[in-house]
Structure formats: C-alpha cells, structure tokens
Amino acid sequence: MAYQLLDGKKISEEILTEIAAEVKIIAAKGGKIPHLAAILVGSDGASITYVNNKVKSCERVGFISTLITYDANITEEQLLAKVIEINNDSSIDGLIVQSPLPKHISESKVVQTILPEKDVDGFHPTNFGRLALGLPTYVSATPNGVMEMLKRYEIPTDGKHCVVIGRSNIVGSPMSILMSRNANPGNATVTLCHSRTKDLKYITLQADIIIIALGKAEFLTADMVKEGAVVIDVGITRMVDGTKKSGYRLLGDVKFDEVAEKCSYITPVPGGVGLTTIASLLSNTLKAAKKEVY
Ligand code: NAP
C-alpha cells in the first residue's frame, strides 16, 4: 500500500511560522513578548539536547528564553525555591522543568509547585483536570502535537477505533482523553493499552488509528497492524551507533520499514512527533503570555 508520511518537520515549521508572525504583531503593538523559562538539572545527554532545542526554537519565533541549569546534587528545597521565585516573576510567562529529575527530587512535588498559569507543559493536576473536563487548558505538548498533526493532515478520527499503547501521565493518558472527546480531531472510540493488556495484537489489529508511546524500540510489527491503518509513533529510544556523528541513532516504537507498507499514514522517527512537541510547547507559552487560558 502507498503510505503517506506524516511530516513532523513540515507541521512544526507551519506552527512556528504562525507563532513567529503573531510575536511580530505583538512586538509592533508594544505588547508583552512571550518568555519561557526552562530548568535543567544534571547532565543527561538527551535532556540537554531537548532543552537546547526548546531554547533554540524560542529564539527562532522571537520569544525570550531563560535557561537555568543546576548540578544533579541540587536539593529539592533549592529547586522548589527557584520554581517559586519564577512563579512570582511576572516577566516570565511559562516554566518547564526538564525530566527526568535526579531520584532524590520528587517530580510530582516540583510539577505541583509550578503555578498552573505558568505550567506550559500541561503537567499540573489542575491543567490535566481541565483537559479531562474539556475546559481551556495547556494540553501537554506531545499529545497536543499529535492532535495538530491529525488536524493539519485532515485525518478523519470521528467514529474510528483508536488504540493508544502506553498510559503515562504525559502521553498515553491525555492522548486517550483527547481522542475520545467530543471534538475534531476526536470522537474516536478509544482503547487504552498498557503492560497488563492481554493479547495486544488482537486489539491493535482492529485499530484504524494506533498511537504508540511505550519506549520499546521497534515493538509494533507489521503482523499487529491492519491494512490502511494510521500509525503515530511517539517512542524515542537512543541506540548507540558508532557510525553516527552523535554516537547514537533514534528508533521509534514502530518497526517502520515493515509497518509502513500496511499504513495509509505513518510518522517517521526521527522527523515525526518529536518536532511537533516543541512547537506545541511554544504554542502554550504564547497562550500563557496572551493570558488565553487563565
Ligand atoms: P512511560 O512513562 O515509560 O510509559 C510507558 C507505557 O508503556 C506504560 O504505560 C507501560 O504500561 C506501557 N507498556 C510497557 N510495556 C508494554 C507492553 N509490552 N505492552 C503494552 N504497554 C506497555 O513512557 P512515556 O513517558 O509516555 O514515553 C513513552 C515513549 O515516548 C518513550 O520512548 C519516550 O522517550 C517517548 N516520548 C517522546 C516524546 C516526544 O516528544 N516525541 C515525548 C514524551 C515521551 P504500565 O503503565 O502498565 O507500566
């Protein structure tokens, strides 16, 4: 089957261009330029790359960004104090704290300390709750990126069977809520799968749309996918690869070469969902600066 690639670069370029145009208008009117603060703790290679990409994207659209870095041995109290300081800083519209955090720091405590108004990652219980209730909120960036992709490629979701694999708070769970709610994209019949799901293949074979976020490289194989399915691969696993300049290559949760042949649409890794995630984060930051949610 001839499949169409869902091009994350194209979608994210579109979104970033729209944001940059809006920032120009705000600047011309003397309005508040959106300001995103990011906190990075420790020296995890992937986290440094993610945060740097977020900061670079801020520059690209004309946002102000502040990157705060700490050694992995910072105490929880010190980190929480910084979060509170940023909460009280009216010049900063959005705050993200890059995960994972060192084990001695409670991610949940940190997330709950960020003011919901500044939680542009959409991880705070208030924002998650608002998402579940269909109220205006900051939808967490990765699920939001997937929804933008479905919307901009005009992929029908109404009445479709969508199987979400993975139930994390930041991807799978919000994804399942978004796909099932009464909206477009949305209105799908959703099955949410996880590690206790029995006979996953039986379920995925019934899916019109599969959204997979589990973090196991090339887990979804062609025998698990029906002809014509839409497959969205959120997974990112770094594999050591001496032939690459970076020393690693990225693999998704989908065995792309064999699965793509059966799909109507499929996202690549890299070049798929990962790029739309950053664009969504900046969208949320713009909303925060414009006080569109709160
Ligand atoms: P996570 O918190 O590790 O959750 C993984 C989920 O997969 C869990 O719900 C787990 O079930 C489920 N699972 C594990 N093995 C399974 C199996 N054999 N069958 C069915 N379900 C299984 O993951 P996450 O934070 O959502 O991240 C998932 C992947 O997405 C990772 O590769 C991550 O790097 C990537 N990611 C990408 C982006 C992006 O921007 N593209 C953003 C975030 C994450 P249980 O709940 O039962 O344990």
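This write-up is about the structure you can find in this document. Keep in mind that what you see is a predicted model, and the values were worked out from it rather than measured.

Procedures and definitions
- Residues numbered from 1 in each chain as written.
- Predicted model: local features only at pLDDT ≥ 70, side-chain atom pairs only at ≥ 80, totals over all residues.
- Heavy atoms only, no water.
- Pairing = 2+ DSSP bridges.
- Helix = DSSP H or I, 4+ residues; strand = E, 2+ residues; numbered from the N terminus.
- Axes fitted to C-alpha atoms, helices over the stretch in contact; angles between N-to-C directions.
- Near = heavy atom within 4 Å.
- Polar contact = N/O pair within 3.5 Å; in protein donor to acceptor, adjacent residues only side chain to side chain.
- Nonpolar A, V, L, I, M, F, W, Y, C, P; charged D, E, K, R; others polar.
- Expected span 1.5 Å × (residues − 1).
- Buried < 20%, exposed > 50% of the residue type's maximum accessible area, 1.4 Å probe, protein only.
- Arc of directions from axis to C-beta.
- Contact = heavy atoms within 4.5 Å.
- Phe/Tyr/Trp six-rings, centres within 6.5 Å; stacked < 30°, edge-to-face > 60°.
- Lys NZ or Arg CZ within 6 Å of the ring centre and 35° of its normal.
- Parallel < 35°, antiparallel > 145°, perpendicular 65-115°, else oblique.

**A look at the sheet that holds strand E11 (residues 263-266)**
Part 1 of the reasoning: With respect to topology, six strands assemble into an open sheet ordered E1-E11-E8-E7-E5-E6, the strand pairing being parallel. The open sheet terminates on both sides in strands that have one partner only, identified here as strand E1 (4-5) and strand E6 (189-193).
Part 2 of the reasoning: Examined bridge by bridge, strand E5 (residues 161-165) and E6 share five bridges and lie parallel to one another. Residue pairing across strands places Cys-162 opposite Val-190, the latter belonging to E6.

**Let's talk about the sheet that holds strand E2 (residues 35-41)**
Part 1 of the reasoning: Strands sit in the order E3-E2-E4 across an open sheet of three strands; the sheet is parallel. Each having just a single partner strand, strand E3 (64-70) and strand E4 (94-97) make up the two edges of the open sheet. Each neighbouring strand pair of the sheet contributes to a mean axis angle of 15°, computed without reference to strand direction.
Part 2 of the reasoning: Where E2 meets E3, seven bridges bridge the pair, whose relative direction is parallel. Bridged to Ala-38 within E3 is Leu-67.

**Here we look at the site of the ligand**
Part 1 of the reasoning: Arg-167, Ser-168, Ser-195, Ile-236 and Thr-277 are the nearest of the 20 residues found near the ligand.
Part 2 of the reasoning: Interatomic distance of 2.7 Å between a side-chain N/O atom of Arg-167 and an oxygen atom of the ligand.
Part 3 of the reasoning: Contact between the ligand and Ser-195: an oxygen atom at 2.5 Å from a side-chain N or O atom of the residue.
Part 4 of the reasoning: A total of three residues in the shell around the ligand trace back to one element, the largest contributor, which is helix H10 (residues 273-289).
Part 5 of the reasoning: A class-by-class count of the residues in the shell around the ligand yields nine nonpolar, nine polar and two charged.

**Here we look at helix H2 (residues 45-61)**
Part 1 of the reasoning: Between its terminal C-alpha atoms H2 stretches 25 Å, which fits the 24 Å expected from 17 residues at 1.5 Å a residue.
Part 2 of the reasoning: Listed in full, the buried residues belonging to H2 are Ala-46, Ser-47, Val-51, Lys-54, Val-55, Ser-57, Cys-58 and Val-61. The arc that holds the buried residues of H2, viewed along the axis, is 170°, so those residues lie on one side. Residues Lys-56 and Glu-59 are exposed on H2 and point more than 90 degrees away from its buried face.
Part 3 of the reasoning: In the core, the buried residues of H2 are packed alongside helix H1 (8-28), E2, E3, E4, strand E9 (237-240) and H10.
Part 4 of the reasoning: In the stretch just after H2, Gly-62 is the one whose phi turns positive, near 90°.

**Some remarks on the packing of aromatic side chains**
Part 1 of the reasoning: For the structure shown, the criterion picks out two aromatic pairs.
Part 2 of the reasoning: Judged by centre distance (6.1 Å) and plane angle (50°), the ring pair of Tyr-138 and Tyr-294 falls under tilted. Separated by 156 residues along the polypeptide, Tyr-138 in the loop between helix H5 (125-132) and helix H6 (141-152) and Tyr-294 in the segment after H10 bring together distant segments of the chain.
Part 3 of the reasoning: Residue placement shows Lys-10 over the ring face of Tyr-153; its charged tip is 4.9 Å from the ring centre.
Part 4 of the reasoning: Above the plane of the ring of Tyr-248 lies Arg-238, whose end atom (NZ or CZ) is 3.8 Å from the centre.

**Points about the packing of H1 against H6**
Part 1 of the reasoning: Relative orientation of the contacting elements H1 and H6 amounts to 95°, with a least axis distance of 10 Å. Taken together, the axes of H1 and H6 lie roughly perpendicular to each other. The residues of H6 that touch H1, namely those facing Gly-8, Ile-11, Glu-14, Ile-15 and Glu-18, are Glu-148, Met-149 and Arg-152.
Part 2 of the reasoning: For the contact of H1 with H6, the class distribution of residues is three nonpolar, one polar and four charged.

**With respect to unusual backbone geometry**
Part 1 of the reasoning: The residue after Ser-99, namely Pro-100, is reached through a cis peptide bond having omega 5°.
Part 2 of the reasoning: Residue position: Pro-100 is located in the loop between E4 and helix H4 (107-113).
Part 3 of the reasoning: Unlike most non-glycine residues, Asp-199 shows phi in positive territory, near 50°.
Part 4 of the reasoning: Its place among the elements puts Asp-199 in the loop between E6 and helix H8 (200-204).
Part 5 of the reasoning: Residue Asp-199 is classed as exposed on the basis of its relative accessible area of 51%.
Part 6 of the reasoning: Residue Lys-291 is not a glycine yet carries a positive backbone phi of 50°.
Part 7 of the reasoning: For Lys-291, the position within the fold is in the segment after H10.
Part 8 of the reasoning: The exposed category is assigned to Lys-291, whose relative accessible area is 61%.

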